[in-house]
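Chains, contacts and geometry: an overview
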Amino acid sequence: MAEWIIDGLSTPAPEVPFQLGTIVHSEQIEPAEVGVSATLAPASIVQVEVADPYIDLWPNEHVLRGKALEESAAEIAETRRLAGFWDRAPGGAYIDNDVNTPLTKADDHWGDPVASQAFFNNLGSPAAEAWKRLIPSAQALLYLLDPLRFPSLTEDECSYEIDARTRLMWSVVSDAIGIRSRSTVMASLCTNSLSNSSGGVKWLSVACGTVLPAMQALVAAGLPADLMLIDWDEKSLAMAEELATELGVQGTTTTQRINIFDHAAMAELSATLLSQSRSPALIEMMGIFEYTGENLGVDPSTFLASAWDLLQPGGTLILGQMRSDRPLADFAMGVIQWPYIHMRSINEILQIIANAGIDTSTCRIYLPSDGIYAIVAIDKP
Ligand SMILES: C[S@@+](CC[C@H](N)C(=O)[O-])C[C@H]1O[C@@H](n2cnc3c(N)ncnc32)[C@H](O)[C@@H]1O
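The rules behind these values
Residues numbered from 1 in each chain as written. Predicted model: local features only at pLDDT ≥ 70, side-chain atom pairs only at ≥ 80, totals over all residues. Heavy atoms only, no water. Buried < 20%, exposed > 50% of the residue type's maximum accessible area, 1.4 Å probe, protein only. Helix = DSSP H or I, 4+ residues; strand = E, 2+ residues; numbered from the N terminus. Arc of directions from axis to C-beta. Pairing = 2+ DSSP bridges. Axes fitted to C-alpha atoms, helices over the stretch in contact; angles between N-to-C directions. Parallel < 35°, antiparallel > 145°, perpendicular 65-115°, else oblique. Left-handed = near helix turned anticlockwise from the far one by under 90°. Contact = heavy atoms within 4.5 Å. Nonpolar A, V, L, I, M, F, W, Y, C, P; charged D, E, K, R; others polar. Near = heavy atom within 4 Å. Polar contact = N/O pair within 3.5 Å; in protein donor to acceptor, adjacent residues only side chain to side chain. Areas by Shrake-Rupley, 256 points an atom, 1.4 Å probe, with all protein chains shown as cover. Phe/Tyr/Trp six-rings, centres within 6.5 Å; stacked < 30°, edge-to-face > 60°. Lys NZ or Arg CZ within 6 Å of the ring centre and 35° of its normal. pLDDT = per-residue confidence, 0-100. Disulfide = S-S within 2.5 Å.

So, helix α12 (residues 346-355)
Buried within α12 are the following residues: Ile-346, Ile-349, Leu-350, Ile-352 and Ile-353. Projected down its long axis, α12 carries its buried residues within an arc of 155 degrees, all on one side. Phi for Gly-357, located one or two positions after α12, is positive at around 85 degrees.

Right, here's the structure in full:
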């Protein structure tokens, strides 16, 4: 494995907190270029280049060094997976059934403990180890969305100062870049929807997690919205107000704890919102489609249909999905030991959308050039 030797590594000065990237180039491509069959063709497929503010802050040699570490750890995990030492084993979608018990996972139940230990030992950071214990909670994503934001990470009574090596890794690994680029694209799509309205748009964030991507999008739009956040993780929902104040979000924010995979609960929410004339014109669901699929006991089309039913006619639903042709998949599932992620091809995503009864010609697909996620915007007639 690549050795961690970086002289004079220091943390760049943080600028504005929780910055989004910038879309610097976009180009339409043909469906066949990403294996999409003619019968499922969407309205458009656009390749998007996103400039990431958290990479350019580091000297290039440090970025390359961090990338080399990621690649060599992923290679160990891949070699060991192909040799049968571990598997990308599916299991239940993670869900916190008991509000008093935090979301946890048995460390060695997922991924490759050997590759993981090699990587984290090499990093030699108690803060990085404590961060790993946050997985799979959405809290872990906060540190990837802004690797410079927090001075320390607190776990129970212990506080771990976050070192420069850990911040560099959070800045340069592919999954962190993908999580930031999907937020940038999502924010840009939401901004377009908001600016086409006179403000006050009813917006539903499904599996909102830390709520940060939705809040970033709202701040970027600079317009007020009536934001409703649904998730099962109470801790994440509790952060909403805190973040709304810190980021200066305009409009109103409400939260509701709901099992989004429960079709009846979603139908009830839909009926309630309809009766109150509060059906959303914008629904955003990042980072949740990966937790659907037959191996996880959640039918993705049924789940999508339940969200689609909530949407106002003329509204837009935006979803994210990790791509099966992404680079370094064994880093996320093997080295970081993130629980099972159901990756899909663009064609598979479109098939799920078609199976939900939605015409795929109403879809616009955006593919950030880092290759990790696809973001799909579906316009409801
Ligand atoms: C990977 S996070 C994504 C969070 C956020 N949308 C983002 O992009 O940063 C997935 C979220 O889904 C939530 N979740 C998972 N299963 C759920 C369920 N059955 N019902 C409600 N929320 C669920 C988790 O609590 C977590 O906050």
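Considerations on the sheet that holds strand β1 (residues 22-28)
Taken together, nine strands build an open sheet; the order of strands is β1-β2-β10-β11-β9-β8-β5-β6-β7 and the sheet is mixed. Edge positions in the open sheet fall to β1 and β7 (251-257), since each of these has one partner strand only. Neighbouring strand axes in the sheet, compared pairwise and without regard to direction, differ in orientation by 20 degrees on average. Pairing of strand β6 (residues 225-231) with β7 involves seven bridges; the strand directions are parallel. In the strand pairing of β7, Leu-229 is matched with Thr-255.

Focus: the packing of helix α1 (residues 60-82) against helix α2 (residues 113-123)
Between α1 and α2, the least distance of the axes is 8 Å, while the angle of their chain directions is 160 degrees. Considering their axes alone, α1 and α2 lie roughly antiparallel with respect to each other. Relative to α2, the crossing made by α1 is right-handed. Counted together, Leu-69, Ala-73, Ile-76, Ala-77 and Arg-80 of α1 and Val-114, Ala-115, Phe-119 and Asn-122 of α2 form the full contact between these two elements. Class assignment for the residues of the contact of α1 with α2 results in seven nonpolar, one polar and one charged.

Digging into the site of the ligand
Not every one of the 19 residues close to the ligand is listed here, only the nearest: Arg-182, Ala-207, Asp-231, Asn-259 and Met-286. Measuring from a nitrogen atom of the ligand, one finds a backbone N or O atom of Met-286 at 2.9 Å. Relative to its free-state accessible area of 600 Å², the ligand is covered by the protein chains to the extent of 98%. The residue makeup of the shell around the ligand, split by class, is 13 nonpolar, three polar and three charged.

Examining the packing of aromatic side chains
Across all of its chains, the model carries eight aromatic pairs by this definition. With a centroid separation of 5.2 Å and an interplanar angle of 90 degrees, the aromatic rings of Phe-119 and Phe-120 are classed as edge-to-face. In this pair, the class of Phe-119 matches that of Phe-120, namely buried. When the ring of Tyr-143 is compared with that of Phe-150, the centres are 4.9 Å apart and the planes differ by 50 degrees; the resulting orientation is tilted. Of the residues examined, Tyr-143 reaches a relative accessible area of 11% and is grouped as buried. A network of ring pairs unites the aromatic residues Phe-18, Trp-131, Tyr-143, Phe-150 and Trp-170 as a single cluster. For the cation-ring pair, Arg-257 lies above Trp-232, with the distance from its terminal atom to the ring centre recorded as 4.0 Å.

Considering unusual backbone geometry
Residue Pro-136 is bonded to the preceding Ile-135 through a cis peptide linkage, with omega at 10 degrees. For Pro-136, the position within the fold is in the loop between α3 (126-132) and α4 (139-145). In this structure, Ser-277 takes a positive phi of about 55 degrees despite not being glycine. With respect to the helices, strands and loops of the structure, Ser-277 is situated in the loop between α9 (263-275) and β8 (282-285). Since its relative accessible area comes to 57%, Ser-277 is described here as exposed. The backbone of Leu-328 sits at a positive phi, close to 50 degrees, despite the residue not being glycine. Inspection of the secondary structure puts Leu-328 in the loop between β9 (316-322) and α11 (329-335). According to the relative accessible area criterion, Leu-328 is partly exposed, its value standing at 26%.

Points about the confidence of the model for the protein chain
Predicted confidence across the protein chain gives a mean pLDDT of 89, with 91% of residues reaching 70 or more. Contacts for the low-pLDDT stretch residues 96-103, under 50 throughout, to residues beyond four places or in other chains number 13 contacts.

Here's the deal with the environment of Thr-245
Assignment of secondary structure puts Thr-245 in helix α8 (residues 234-247). By relative accessible area, Thr-245 is classed as exposed at 64%. The spatial distance from the C-alpha of Thr-245 to the C-alpha of Lys-235 is 17 Å, given a sequence separation of 10 residues.

With respect to the side chain of Asp-233
Tracing the chain through its elements places Asp-233 in the loop between β6 and α8. Judged by relative accessible area, which is 9%, Asp-233 ranks as buried. Within the local environment of Asp-233, its side chain forms a polar contact with the side chain of Ser-236, the two groups lying 3.0 Å apart.

Concerning the state of the cysteines
Tallying each qualifying case throughout the model produces zero disulfides. Sulfur of Cys-208: no disulfide; nearest cysteine sulfur belongs to Cys-190 and is 14 Å away. Residue Cys-208 is classed as buried on the basis of its relative accessible area of 7%.

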